Amino acid sequence: MNRRDHWDRAYHEKGPQGVSWFQPRPGVSLELIGQSGADRQSGVIDVGGGASNLVDHLLDAGYTSLAVLDVSPRAMSEAQSRLGRRAAEVQWIESDVTTFVPSRRFGVWHDRAVFHFLTEPGDRQKYVAALRQAVLPGGAAIIATFAPDGPARCSGLEVVRYDESLMCSELGPGFALQAVRREAHRTPWGAEQRFAYFLLRYSPPGSAG
């Protein structure tokens, strides 16, 4: 499957406010980023951020060193157009997360609804490898997936649903679970999707932390 073509097509057919994951304000994500305790200058990377409004709210709150990673150039173009001049304050990275090689580290790795699409173990291993390279020691990972009672499919694709135990098992040593939040997300057409958000602290194995 060509992931870029799949997600470009989704944005082309539905528009940024018509896709199932659209949120006018990503409230739970913003709360957990604040709860992470990360310095506002330490950087946040929004994995799969695409056309999400999260980066707008982070800029408004004074966060700097922001990055958005997405496999869909169309999605990021929508966000850049919306932000106007402020788009220059964000690093835009067109990449599949499974092939992403970070050029710097961030205080927060945020992912709402990318990880659960990785149904192959090898792709999840590559994701975790990129995560470990991208997060500062002592930094945070915020990963949101469909909860065990959430949908089994989304956008025509199968997903893997997560609870606390499965998420910690997938990420492996070095990630300490700090908080879990549940969300009943309403799609633009009124359907309910149950999400689980996991806030984890990263301490590289063997480090003093």
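Residues numbered from 1 in each chain as written. Predicted model: local features only at pLDDT ≥ 70, side-chain atom pairs only at ≥ 80, totals over all residues. Heavy atoms only, no water.

Chemist: Whenever I open this one, the pattern of salt bridges confuses me. Can you help?
Modeler: Between side chains of opposite charge, a pair can form when the charged atoms approach closely. Evaluated as defined, the whole model comprises nine salt bridges. In this structure, the salt-bridge partner of Arg-181 is Glu-31, at a minimum N-O distance of 2.7 Å. Taken together, the residues span a long stretch of sequence, with Arg-181 in strand S8 (residues 175–186) and Glu-31 in helix H2 (residues 27–35) at a distance of 150 residues. Between Arg-194 and Asp-149 there is a salt bridge; the shortest N-O distance is 3.6 Å. In this pair, Arg-194 is assigned in strand S9 (residues 192–202) and Asp-149 in the loop between strand S5 (135–146) and strand S6 (153–154), connecting sequence segments 45 residues apart. Judged by relative accessible area, which is 54%, Asp-149 ranks as exposed. Among the charged side chains, a salt-bridge network with shared partners connects Asp-149, Arg-186, Glu-192 and Arg-194. (Salt bridge = Lys/Arg side-chain N within 4 Å of Asp/Glu carboxyl O. Helix = DSSP H or I, 4+ residues; strand = E, 2+ residues; numbered from the N terminus. Buried < 20%, exposed > 50% of the residue type's maximum accessible area, 1.4 Å probe, protein only.)

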